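Structural overview
One letter stands for each residue in the lines below.
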Amino acid sequence: MSHATLALGATALFAAGCVWYLPAAAALRAGADRPYSHRIAAASCVTFWCTPALVAVLLLTPAPWPALGAVAAAGLLTAAALLAVSCLQRAREQHEESERWSTLQQGSTGAPAPAPPRNPARAQLTFVLYLLPGTIVASVIAATVLLTADSLTRQSAVTATMTAVGISAASLAIAGTRAQATRRH
């Protein structure tokens with residue numbers, strides 16, 4: 001089967017997934033209006049469904065099969081890791097909510113309610129969760145560019161480096177902004 005046929009199939013798969021990734025993208029755009037675990041799950045969904053789109057683009061280049069497999073595996077592993085973190089965060093949120101309800105039910109005694117505990121680890125976790133996918137994608141794209149080059153030329157090395165630096169810088173900026181916003185709330 002030709003690369004173009006496989007690219008068409010991957011594009012069709014990506015298009016078919018719009019019923020999942022478009023609501024997930026809307027949940028990500030909603031920001032703090034959605035629970036934190038819901039946003040992490042939405043990021044997992046978007047990552048999962050964008051993987052076929054990235055593979056389709058790479059299928060149109062002379063990329064070797066190991067590079068295509070590495071990109072697909074990195075996308076799927078990132079989505080799985082985000083989903084696992086989302087499940088853990090959801091369990092924490094449910095535990096906090098049950099504590100709030102028990103405090104509310106006991107609050108009729110007139111004693112002031114306890115202050116919510118500060119958790120700096122949440123800001124650190126947010127930073128890592130927003131930085132990790134960008135770093136993985138930057139590494140995979142740089143490796144793909146270097147592996148698909150016929151010979152290691154200065155142009156291919158500069159292309160790989162600049163692509164990786166650009167994606168990493170954008171990921172770092174987004175991670176810093178999100179962690180700072182999490183720290184404030």
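Residues numbered from 1 in each chain as written. Predicted model: local features only at pLDDT ≥ 70, side-chain atom pairs only at ≥ 80, totals over all residues. Heavy atoms only, no water.

**Here's the deal with the pattern of salt bridges**
- Counted according to the given criterion, the structure contains 2 salt bridges.
- We note a salt bridge from Glu-96 to Arg-100, for which the minimum N-O separation is 3.9 Å. A residue pair is termed a helical-turn pair when its members lie 3 or 4 positions apart in one helix, as Glu-96 and Arg-100 do in helix 4 (residues 65-106) at 4 residues.
- Take Glu-96: its relative accessible area is 38%, and that puts it in the partly exposed class. (Salt bridge = Lys/Arg side-chain N within 4 Å of Asp/Glu carboxyl O. Helix = DSSP H or I, 4+ residues; strand = E, 2+ residues; numbered from the N terminus. Buried < 20%, exposed > 50% of the residue type's maximum accessible area, 1.4 Å probe, protein only.)

**Quick look at the UniProt feature "transmembrane region" (unreviewed entry) in the chain**
- Following the UniProt record, one finds the feature "transmembrane region" (unreviewed entry) at residues 6-28, 40-61, 67-88, 127-149 and 155-175.
- In residues 6-28, the share of helix is 96% and the share of strand is 0%. The end C-alpha atoms are 30 Å apart.
- The distance separating the terminal C-alpha atoms of residues 67-88 is 32 Å; by composition the span is 100% helix and 0% strand. (UniProt positions renumbered as here; feature names shortened; annotations may be inferred.)

**Topic: the packing of helix 1 (residues 3-16) against helix 2 (residues 18-30)**
- In the contact formed by helix 1 and helix 2, the axes pass within 5 Å of each other and the chain directions differ by 55 degrees. Comparing the axis directions of helix 1 and helix 2 gives the class oblique. On helix 2, the residues that touch Phe-14, Ala-15 and Ala-16 of helix 1 are Cys-18, Val-19, Trp-20 and Tyr-21.
- When the residues that make up the contact of helix 1 with helix 2 are grouped by side-chain class, the tally is 7 nonpolar, no polar and no charged. (Axes fitted to C-alpha atoms, helices over the stretch in contact; angles between N-to-C directions. Parallel < 35°, antiparallel > 145°, perpendicular 65-115°, else oblique. Contact = heavy atoms within 4.5 Å. Nonpolar A, V, L, I, M, F, W, Y, C, P; charged D, E, K, R; others polar.)

**Focus: the packing of aromatic side chains**
- Using the criterion set out here, one finds 3 aromatic pairs in the structure.
- When the centroid spacing of 4.8 Å and the interplanar angle of 10 degrees are considered together, the rings of Phe-14 and Tyr-21 count as stacked.
- With 5.3 Å between their ring centres and 90 degrees between their planes, Phe-48 and Trp-49 make a pair best called edge-to-face.
- By relative accessible area, which is 37% here, Phe-48 ends up partly exposed.
- Members of the aromatic cluster, each reached through a chain of ring pairs, are Trp-20, Phe-48 and Trp-49. (Phe/Tyr/Trp six-rings, centres within 6.5 Å; stacked < 30°, edge-to-face > 60°.)

**Topic: the environment of Leu-146**
- Structurally, Leu-146 can be placed in helix 5 (residues 120-148).
- Between the C-alpha atom of Leu-146 and that of Ala-160, which follows or precedes it by 14 residues, the distance is 6.5 Å.
- Those residues in contact with Leu-146 that lie beyond four places of it in its chain are Leu-152, Ser-156, Ala-157 and Ala-160.

**A look at the packing of helix 3 (residues 36-59) against helix 5**
- The N-to-C vectors of helix 3 and helix 5 enclose an angle of 5 degrees; their axes lie 13 Å apart at closest approach. By the angle between their axes, helix 3 is roughly parallel relative to helix 5. In contact with Tyr-36, Arg-39, Ile-40 and Leu-58 of helix 3, helix 5 contributes Arg-122, Leu-125, Thr-126, Leu-129 and Thr-144.
- Class assignment for the residues of the contact of helix 3 with helix 5 results in 5 nonpolar, 2 polar and 2 charged.

**Here we look at the nonpolar core**
- In this structure, Ala-7, Val-55, Leu-58, Leu-59, Ala-63, Leu-68, Val-71, Ala-74 and Val-140 together form the largest nonpolar core, which totals 9 residues.
- Ignoring sequence-local partners within four residues, the contact set of Leu-58 consists of Ala-63, Leu-68, Val-71 and Thr-144.
- Formed by 6 residues, the second largest nonpolar core is a distinct cluster that contains Ala-24, Ala-27, Cys-45 and Trp-49. (Core = buried A, V, L, I, M, F, W, Y, C linked by side-chain atoms within 4.5 Å.)

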